[in-house]
Amino acid sequence: MTITITAFESSPDRGRGLARDMRVRWALEEVGQPYDVRLVSFKAMKQPAHLALQPFGQIPTYEEGDLALFESGGIVLHIAEHHPGLLPVDGNARARAITWMFAALSTVEPPIVEREAAHYAERNEAWHEARQPILKGRIRDRLDQLSSRLGDSDWLDGAFSAADLLMVTVLRRLEGSDILGDYPTLAAYIARGQARPAYKRAFAAQLAVVTATSPAFE
């Protein structure tokens, strides 16, 4: 059965590989599964056909036969559980990897996204600048803890897993800020993820959409 995922027809990230379909593309590339992509406009994302797949009107979605999934973390977990290569075989190691998947999305990502949301929604408000040290402090607390735990290891827990895939995509949201520069261990960790052939294929596939649809890339 053909796997079909959805992605932005016009991505807000302008080809930087930050849209969450990148996580799903990367996972499918890691396990060697072909897939089709259906591009969705912002208008179409709010229409009944898409809302039937994604009740919150977002991307990505995942369709395979009579199975339809939403939420990038859930999709990546499904892929990892049904194809070898993204979760350890050992039961305890597998449980730890899944725990780290939740940590990436539930513990590390929220303060990063909160800072992004504040920039777009509050940058013209009087309190915006005063909030910045607070928002950055929350991020730094998590990065301090994560960097300490990672230490000199290449990956979070033994071999590369779906946990690293998600964590790298979360941390990449800080690229271009003044925060990552203080965490060389995490910067090197991101670079290792980006060096993986599967990541490069996924990034190129996402970028190709922007290149084909944006006049800026003509």
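Let me sum up the structure you'll find in this document. (Residues numbered from 1 in each chain as written. Predicted model: local features only at pLDDT ≥ 70, side-chain atom pairs only at ≥ 80, totals over all residues. Heavy atoms only, no water.)

**Quick word on the side chain of S72**
Move 1: For S72, the location among the structural elements is in helix α4 (residues 72-82).
Move 2: Classification of S72 as buried rests on a relative accessible area of 5%.
Move 3: A distance of 3.0 Å separates the side chain of S72 from the side chain of R23, its partner in a polar contact.
Move 4: Aside from chain neighbours lying at most four places away, what touches S72 is R20, R23, V24 and P60. (Helix = DSSP H or I, 4+ residues; strand = E, 2+ residues; numbered from the N terminus. Buried < 20%, exposed > 50% of the residue type's maximum accessible area, 1.4 Å probe, protein only. Polar contact = N/O pair within 3.5 Å; in protein donor to acceptor, adjacent residues only side chain to side chain. Contact = heavy atoms within 4.5 Å.)

**Notes on the pairing of strand β4 (residues 67-70)**
Move 1: By the bridge criterion, 4 bridges tie strand β3 (residues 61-64) to β4 in an arrangement that is antiparallel. Its bridge partner being in β4, E63 is matched across the sheet by A68.
Move 2: Joining the antiparallel neighbours β3 and β4 is a turn of 2 residues, in which G65 adopts a positive phi near 65°. (Pairing = 2+ DSSP bridges.)

**Considerations on the packing of aromatic side chains**
Move 1: Scanning the entire structure with this criterion turns up 7 aromatic pairs.
Move 2: Seen from their ring centres, W26 and F160 are 5.9 Å apart, and the 35° between their planes marks the pair as tilted. Residue W26 is located in helix α1 (residues 21-30), and its partner F160 is located in the loop between α6 (128-150) and α7 (162-171); the two are separated by 134 residues in the primary sequence.
Move 3: Classification of W26 by relative accessible area gives buried; the value is 0%. (Phe/Tyr/Trp six-rings, centres within 6.5 Å; stacked < 30°, edge-to-face > 60°.)

**Re the pairing of β3**
Move 1: The sheet contact formed by strand β1 (residues 3-8) and β3 spans 3 bridges and is antiparallel. For I5, the partnering residue across the bridge sits in β3 and is Y62.

**Looking at unusual backbone geometry**
In terms of backbone geometry, most residues other than glycine have negative phi values and most peptide bonds are trans.
Move 1: Look at the link from I59 to P60: it is a cis peptide, with omega at 5°.
Move 2: Mapped onto the secondary structure, P60 falls in the loop between α3 (48-51) and β3.
Move 3: Its identity is not glycine, yet R14 carries a phi of approximately 55°, on the positive side.
Move 4: On the secondary structure map, R14 appears in the loop between β1 and α1.
Move 5: Residue class for R14 comes out partly exposed when judged on its relative accessible area of 44%.
Move 6: Even without being a glycine, E71 presents a positive backbone phi close to 75°.
Move 7: With respect to the helices and strands, the residue E71 is situated in the loop between β4 and α4.
Move 8: Judged by its relative accessible area of 39%, E71 falls in the partly exposed class.

**Comments concerning the packing of α1 against α7**
Move 1: Viewed as axis vectors pointing N to C, α1 and α7 meet at an angle of 145°, and their least axial separation amounts to 10 Å. In the packing of α1 onto α7, the handedness of the crossing is right-handed. Together, R23, W26, A27 and E30 of α1 and L165, L166, V168, T169 and V170 of α7 make up the contact between the two elements.
Move 2: Taken together, the residues of the contact of α1 with α7 sort by class into 6 nonpolar, 1 polar and 2 charged. (Axes fitted to C-alpha atoms, helices over the stretch in contact; angles between N-to-C directions. Left-handed = near helix turned anticlockwise from the far one by under 90°. Nonpolar A, V, L, I, M, F, W, Y, C, P; charged D, E, K, R; others polar.)

**Things to note about the sheet that holds β3**
Move 1: Judged by pairing direction, the sheet is mixed, and its 4 strands sit side by side in the order β2-β1-β3-β4 without closing on themselves. Each having just a single partner strand, β2 (35-40) and β4 make up the two edges of the open sheet. Neighbour to neighbour, the strand axes of the sheet diverge by 20° on average, direction disregarded.
Move 2: Packed onto the sheet, α1 meets β1 and β2 and runs at close to 150° relative to β1.

**Observations regarding helix α8 (residues 184-194)**
Move 1: What α8 keeps buried is the set L186, Y189, I190 and G193. Buried residues of α8, viewed axially, fall in a sector of 100°; they line one side. (Arc of directions from axis to C-beta.)

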